[in-house]
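# Coordinate analysis (summary)
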There are 2 protein chains.
Amino acid sequence: MDGIQPPGRLVTLTDVAREAGVGESTVSRVLRNHGSSSKRARERVAEAVARLGYVPNRLAGSLAGPGASAQLAGVIVPSLANVVFPDLLRGLTGALDAAGIRCVIGVSDYDPDREEALAAALLSWRPAALLLTGLEHNPGTVALARAGGVRVVEMIDTDGAGIDAVVGFSNRAVGAASARHLVARGYRRIAYLGHDLRVDLRAGKRLAGFEAALGEAGLALQAQEIRPGPSSPGSGRAGLEALLARHPDLDAVYFSNDDMALGGYFACLAAGLAVPGRIALFGFNGLDFAAAMPQPLSTVRTPRLEIGRQAAACLIGEGPKRIDLGFELIEGATA
Amino acid sequence: MDGIQPPGRLVTLTDVAREAGVGESTVSRVLRNHGSSSKRARERVAEAVARLGYVPNRLAGSLAGPGASAQLAGVIVPSLANVVFPDLLRGLTGALDAAGIRCVIGVSDYDPDREEALAAALLSWRPAALLLTGLEHNPGTVALARAGGVRVVEMIDTDGAGIDAVVGFSNRAVGAASARHLVARGYRRIAYLGHDLRVDLRAGKRLAGFEAALGEAGLALQAQEIRPGPSSPGSGRAGLEALLARHPDLDAVYFSNDDMALGGYFACLAAGLAVPGRIALFGFNGLDFAAAMPQPLSTVRTPRLEIGRQAAACLIGEGPKRIDLGFELIEGATA
DNA sequence: GCGGCTTTTGGCAGCGCTGCCAATCCGGTT
DNA sequence: AACCGGATTGGCAGCGCTGCCAAAAGCCGC
């Protein structure tokens, strides 16, 4: 398999051509199944490839080809700690795989400057597309994306104008729907419990939509608890405990996401507070565990995988520029 | 920023050289900060780069350089649905970022053939390293990895021989430690509840270690429930319900991971079964939520991020070939 | 103002591949 | 037997960059 190569040098297409006794162009054509070639040529090339263990060098291939690399996609996500983004990647890689496109990933840690640096770094691989999260970016990032000569897809958020293609749902609408649900269920003394909003702008948009809808119902947020650091069940539990200590009269809490809500639920279990009788809980994301809870979590299911898939479709088959995939409110039993 | 380029062509190093009034080699040297250059040259190049919005083409750079691309790492994980792998990626990207190395990812869906195809696809980008999950691969994958002329790092599992470098912990030892813990706590009628073992070989190794340790204590697994599909809280809940229906006399359950265990905990809450009085639960992974539960989950914390970091170190600074990062048994309150 | 030295510079080949084009081949015609 | 159109083929330039090397520039002391 690994042949008798002088260890320093890998097998090249030229080696294959020599071994197969055909020209380089023939090998190239056969391997890419592009243009015409005789059965005999195909067989000889296949044999030589197997014999030498040839692995094409796409660096060279992409450089020589016309549109530079059309085989890589640059993806920048703010985090990998939040299930949302791996789910997004899952949808992406799944759909891109079939097209032979690989994802090169960058993690911005919710830092726009880092995002910009990553955009430049990823563009230097001349990807077919640049996939960003959200609509808010540094001017420099936008300039890079525009000048990069690549398709740009902004994922998850549709509340605002995008650079090129946008695939996601309206976070404002999610917040509004969540508020309307709580109001309709009769909750009046409602608080918000979230993680750092300065970094997670989409959570901020949900909250804005939530407050707006509350306002329309003549209500206002009774309290707001913002926990430092990333969202987590631990943070949600501590947050709800803190919130209820300060505002014992609350009857419902809107969490920035399901992880926080799960922590809140644990806090209620631990303190023996009836859910939703004493306090109602409402999440966001519709994660797996939400449905498995003794009382299914009331939340909003977001089409994370589908966003990834549609984003992939956007770079392959020139789909529409703007796709709103909506969301689904899950009534659950906690609110 | 995006200059006055004819839209088809991106700015090249030659353009920068012309704009700056210096030679191409000078631009190259300045940009890579390699070799000596005058202050004046550096300034002129910097200006030209900014003026033209130049983004280097690493495809070309890597092709021209000596060791092909040393700036990409190919990573193959079996799944992105299990938090473990995003965590791994998180550690990896974090550590690799500083070195300017980007990860190209492939998701094998626990399929060795797919893994092999992905290995070939990733190697075609001439990465500096190939990072695999686990130690079990197709012969073809191993051959590719060896012939690829790249550093190979196998992550997570240390129970067996690796191709090149191995970073992880012993899954067998985790299983054994978990069993000893349960035995020491007095549990005797112990069952295993997991997801499909044929695909998740590491879960199988944990179970093997678990059963071996049980055997040493003169005990045997009372029952075993394998749920189809991936692990999830929903699957864990349904699994525990099924298990207890068949074997009401169980006093402890070892889950394939925390997600499953969380589902089991929910099942107990829903059925009003005392944990650990009526039934003890033991997980694996040490996820965030485990500590936030009303009763902290008894589990084993695995060094997922650290595995990623050490794997990164393996490709940068020629670290040791084999790193066992161990694990930590968390006593919790559920077992 | 001139060697002798170091620093800085530009030209150019070539990394492995693909696209283009001209050459060759094949089978059937005339 | 010479001829024709399409299928198949190989040669070679060139993608954008880096490494090498020789040339040019700068610097020192005399």
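- Chain A appears in an unreviewed UniProt entry as LacI family gluconate utilization system Gnt-I transcriptional repressor from Methylobacterium brachiatum.

## Focus on the relation of the copies chain A and chain B
- When chain A is brought onto chain B, the operation consists of a screw motion whose angular component is 180 degrees and whose axial shift is 0.0 Å, with 0.0 Å RMSD remaining. Within this description, the copies of the chain are treated as partners about a two-fold rotation axis. Taking the C-alpha atom as reference, chain A places V104(A) closest to the rotation axis, 2.2 Å from it.
- The residues that chain A uses at the interface reappear at the interface of chain B in 100% of cases, marking a shared surface.

## What to know about the protein's contact with DNA strand D
- Around DNA strand D, a shell composed of 23 residues is seen, among which T26(A), S38(A), L13(B), S28(B) and Y54(B) lie nearest.
- In DNA strand D, atoms within 4 Å of the protein come from the sugar-phosphate backbone in 66% of cases.
- Between S38(A) and DNA strand D, the recorded distance is 2.5 Å, taken from a side-chain N or O atom to a phosphate oxygen.
- Of all elements in the fold, only α2 (24–32) and α4 (58–64) of chain A together with α2 (24–32) and α4 (58–64) of chain B reach the threshold of two or more residues within the surface near DNA strand D.
- Classifying every residue of the surface near DNA strand D by side-chain character gives 9 nonpolar, 12 polar and 2 charged.

## Structural notes on the protein's contact with DNA strand C
- Inspection of the region around DNA strand C gives 23 residues, with L13(A), S28(A), Y54(A), T26(B) and S38(B) positioned closest.
- Here DNA strand C approaches the protein such that, of its atoms within 4 Å, sugar and phosphate make up 67%.
- One of the backbone nitrogen or oxygen atoms of L13(A) is found 2.3 Å away from a phosphate oxygen of DNA strand C.
- A distance of 2.7 Å separates a base oxygen of DNA strand C from a polar atom in the side chain of S25(B).
- Of all elements in the fold, only α2 and α4 of chain A together with α2 and α4 of chain B reach the threshold of two or more residues within the surface near DNA strand C.
- Residue composition of the surface near DNA strand C, by class: 9 nonpolar, 12 polar and 2 charged.

## What about the interface of chain A and chain B?
- Counting residues at the interface gives 54 residues for chain A and 54 residues for chain B.
- Here chain A and chain B share an interface that buries about 4900 Å² over both sides, 72% of which is from carbon and sulfur atoms.
- The three residues of chain A that bury the most area against chain B are L59(A), W125(A) and R126(A), which together make up 15% of that side's buried surface.
- Between the two partners, chain A and chain B, sit 2 salt bridges.
- Among the ionic pairs, R114(A) bridges to D97(B), the shortest N-O distance being 3.3 Å.
- Linking chain A with chain B are 14 residue pairs in polar contact (both at pLDDT 80 or more), by the criterion used here.
- Mapped by element, the contributors of at least two residues to the side of chain A that touches chain B are α4, α5 (84–98), β2 (102–107), α6 (112–123), α7 (139–147), α10 (233–246), α11 (258–271) and α12 (288–292) of chain A.

The rules we used
Residues numbered from 1 in each chain as written. Chains lettered and ligands numbered in written order. Predicted model: local features only at pLDDT ≥ 70, side-chain atom pairs only at ≥ 80, totals over all residues. Heavy atoms only, no water. Least-squares fit on C-alpha atoms with pLDDT ≥ 70 in both. Contact = heavy atoms within 4.5 Å. Near = heavy atom within 4 Å. Polar contact = N/O pair within 3.5 Å; in protein donor to acceptor, adjacent residues only side chain to side chain. Helix = DSSP H or I, 4+ residues; strand = E, 2+ residues; numbered from the N terminus. Nonpolar A, V, L, I, M, F, W, Y, C, P; charged D, E, K, R; others polar. Buried area = accessible area lost by both parts, 1.4 Å probe. Salt bridge = Lys/Arg side-chain N within 4 Å of Asp/Glu carboxyl O.

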